[in-house]
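Listed below are the residues making up each chain.
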Amino acid sequence: MRTNTSPAPATVLVLDDEPSLRTLLGFIVQRVGAIPIEAPDAATARQLATKHTFACALLDKNMPGESGLEFLKWLRVTQPGCNAIVVTAYGNMDSAVEALRLGAFDFLLKPFEVDALEHRIKLALEQWQMRQERERMQAMLVQADRLASLGVLAAGVVHEVNTPLAYILSNLDWLDEELPSLGKALERHGRREGPAAELGSFAERLKAVESTLRDIREGAERVRHIARDVKAFARDSDDESVLVDPREVLDAALKMALVHIRYRARVVRDYQDVPLVLANEARLAQVFLNLVVNAAQAIPEDGKDHEIRVRLWTGPNGEACAEVTDTGTGIAPEHMAHLFEPFFTTKPAGEGTGLGLFICKSIVDSFEGNLSVESCPGKGTTFRLELPPHVRAARAPEQLSAVAS
Ligand SMILES: Nc1ncnc2c1ncn2[C@@H]1O[C@H](COP(=O)(O)OP(=O)(O)O)[C@@H](O)[C@H]1O
Ligand SMILES: [Mg+2]
């Protein structure tokens with residue numbers, strides 16, 4: 001297993017049809033501490049690219065067959081993280097510009113100085129390493145926020161499960177006493193020892209037992225629903241996207257946040273037709289949960305009639321839109337620009353990590369959606385989420401038939 005403290009050396013593709021130049025380039029790559037992987041032509045390079053992830057690629061522009069620029073186009077798609085340096089002949093400035101336009105990291109004119117090339121490779125590798133590090137940090141932050149959300153979730157689950165559980169247990173206690181007592185009364189009746197009036201009460205008592213069993217079942221059903229809702233959050237953290245109904249995910253988030261909301265605000269749901277979206281359910285639930293908990297935390301416990309309004313509707317371009325609006329403190333104008341930065345928080349330690357909105361934004365970006373905010377200090381805040389719809393409409397069969405025809 002690789003550890004993060006000693007990352008493997010970066011690999012650099014060296015694509016050049018001239019053997020002597022390849023050797024020289026390979027030598028320079030080694031000098032900067034990276035591993036050169038050499039290819040005499042684009043076809044070989046493509047094959048190598050299936051086995052290696054390149055941090056950097058040195059591409060000769062002029063080669064028989066596929067040119068370095070053609071290969072660059074392909075590389076940008078298959079390995080967008082790779083920083084390419086195009087080596088082109090002196091006096092061929094146009095192709096250098098073209099290389100940059102195609103997404104090359106840098107270019108170098110032949111004949112080149114070894115030091116100059118070494119310096120450029122170093123820059124390309126440094127930038128690659130920084131990007132790797134940033135991606136690793138972001139993955140860690142997502143995980144940290146997931147744990148924080150799980151804390152919120154656990155509090156919600158305990159609260160939600162406790163009520164039906166208390167109800168089930170007290171009903172079972174009652175049955176525990178009632179059934180033996182009823183049994184004894186029936187026995188007495190069988191032996192004709194009990195008072196005659198007792199007979200009439202049996203039917204009543206059995207009805208009470210029946211209705212208690214129904215209550216128990218109802219309580220157990222509630223626990224089962226809670227377990228189903230929790231699954232929306234606890235689903236494996238892999239990035240599998242499926243078709244999800246934003247209504248169900250938002251409802252699950254509201255239930256989980258209820259313990260935070262209950263004594264501060266009432267929840268008003270305004271759900272209109274909204275398309276299904278292609279998303280990872282647990283991730284989308286994390287977004288809604290963060291927004292709803294933020295809304296609850298922004299509401300002061302001042303005894304006023306506060307509201308958290310959640311809206312769902314279909315946007316003008318068919319997108320799924322969601323809004324969480326609170327009547328809380330609002331956001332100071334000087335804070336607006338920082339909301340989505342990691343670790344920006346105005347909450348006391350222990351209450352806020354400053355990761356919630358940063359994570360929401362990264363998740364929404366990964367769904368190719370948009371997250372925006374409007375706030376009026378002293379009045380409240382609205383967070384709006386827009387997600388591209390999946391082609392299949394959730395609740396609009398007429399659209400489906402239009403597509404079919
Ligand atoms: N609904 C809201 N109303 C007022 N301020 C908000 C709201 N949502 C977020 N904020 C502000 O944005 C900051 C960052 O939020 P977030 O990233 O979720 O981190 P945290 O909640 O841990 O502080 C909060 O500390 C708060 O100042
Ligand atoms: Mg938060």
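Residues numbered from 1 in each chain as written. Chains lettered and ligands numbered in written order. Predicted model: local features only at pLDDT ≥ 70, side-chain atom pairs only at ≥ 80, totals over all residues. Heavy atoms only, no water.

Enquirer: Please explain the site of ligand 1 as it appears in this structure.
Expert: Taken together, the neighbourhood of ligand 1 is formed by 19 residues, with Thr345, Thr346, Lys347, Thr353 and Leu357 sitting nearest. Leu357 places a main-chain nitrogen or oxygen 2.8 Å from an oxygen atom of ligand 1. For the shell around ligand 1, the secondary structure elements donating two or more residues are helix 8 (281-298), helix 10 (356-366) and strand 12 (380-387). If one sorts the elements of the shell around ligand 1 by residue count, helix 8 sits on top with three residues. Residue composition of the shell around ligand 1, grouped by class: eight nonpolar, nine polar and two charged. (Near = heavy atom within 4 Å. Polar contact = N/O pair within 3.5 Å; in protein donor to acceptor, adjacent residues only side chain to side chain. Helix = DSSP H or I, 4+ residues; strand = E, 2+ residues; numbered from the N terminus. Nonpolar A, V, L, I, M, F, W, Y, C, P; charged D, E, K, R; others polar.)

Enquirer: Which parts of the structure should I look at to understand the sheet that holds strand 9 (residues 306-314)?
Expert: On the basis of which strands lie adjacent, the open sheet formed by five strands has the order 7-9-10-12-11 and mixed pairing. What marks the edges here is a single partner per strand, and that holds for strand 7 (265-271) and strand 11 (370-376). With strand direction ignored, the average angle separating the axes of adjacent strands in the sheet is 15°. Its contacts with the sheet put helix 7 (residues 246-261) on strand 7, strand 9 and strand 10 (320-326), and the angle it makes with strand 7 is roughly 175°. Sheet strands touched by helix 8: strand 9, strand 10, strand 11 and strand 12. Its angle to strand 10, the strand with the most contacts, is close to 20°. (Pairing = 2+ DSSP bridges. Axes fitted to C-alpha atoms, helices over the stretch in contact; angles between N-to-C directions. Contact = heavy atoms within 4.5 Å.)

Enquirer: Please explain the pairing of strand 9 as it appears in this structure.
Expert: Within a regular strand, side chains alternate between the sheet's two faces. Strand direction decides the pairing type here: strand 7 and strand 9, joined by seven bridges, are parallel. The residue bridging Ala265 from the neighbouring strand is His306, located in strand 9. Pairing analysis gives seven bridges linking strand 9 to strand 10, with the strands arranged antiparallel. Each residue of the ladder has a partner; that of Leu312, found in strand 10, is Ala322. Between strand 9 and strand 10, which pair antiparallel one after the other, the connecting turn spans five residues, and Gly318 there sits at a positive phi close to 85°.

Enquirer: What am I meant to see in the packing of helix 8 against helix 10 here?
Expert: When two helices pack together, their arrangement is given by the angle between their axes and by how far apart the axes lie. Axis separation between helix 8 and helix 10 bottoms out at 9 Å; the angle between their running directions is 145°. For helix 8 against helix 10, the interelement crossing comes out left-handed. Between helix 8 and helix 10, the contacting residues are Arg283, Gln286, Val287, Asn290, Leu291 and Asn294 on the first element and Gly356, Leu357, Ile359, Cys360, Ile363 and Val364 on the second. (Left-handed = near helix turned anticlockwise from the far one by under 90°.)

Enquirer: I keep staring at the nonpolar core and nothing clicks. Help me out?
Expert: Generally speaking, soluble globular proteins have nonpolar side chains that are buried together. Counting residues in hydrophobic clusters, the biggest one holds 48 residues, and the most contacted among them are Ile261, Leu284, Phe288, Leu291, Ile308, Leu385 and Leu387. Here the element with the most residues in this core is helix 8; it accounts for ten residues. Leu13, Ala49, Cys82 and Ala104 belong to the second largest nonpolar core, which has 22 residues in total. (Core = buried A, V, L, I, M, F, W, Y, C linked by side-chain atoms within 4.5 Å. Buried < 20%, exposed > 50% of the residue type's maximum accessible area, 1.4 Å probe, protein only.)

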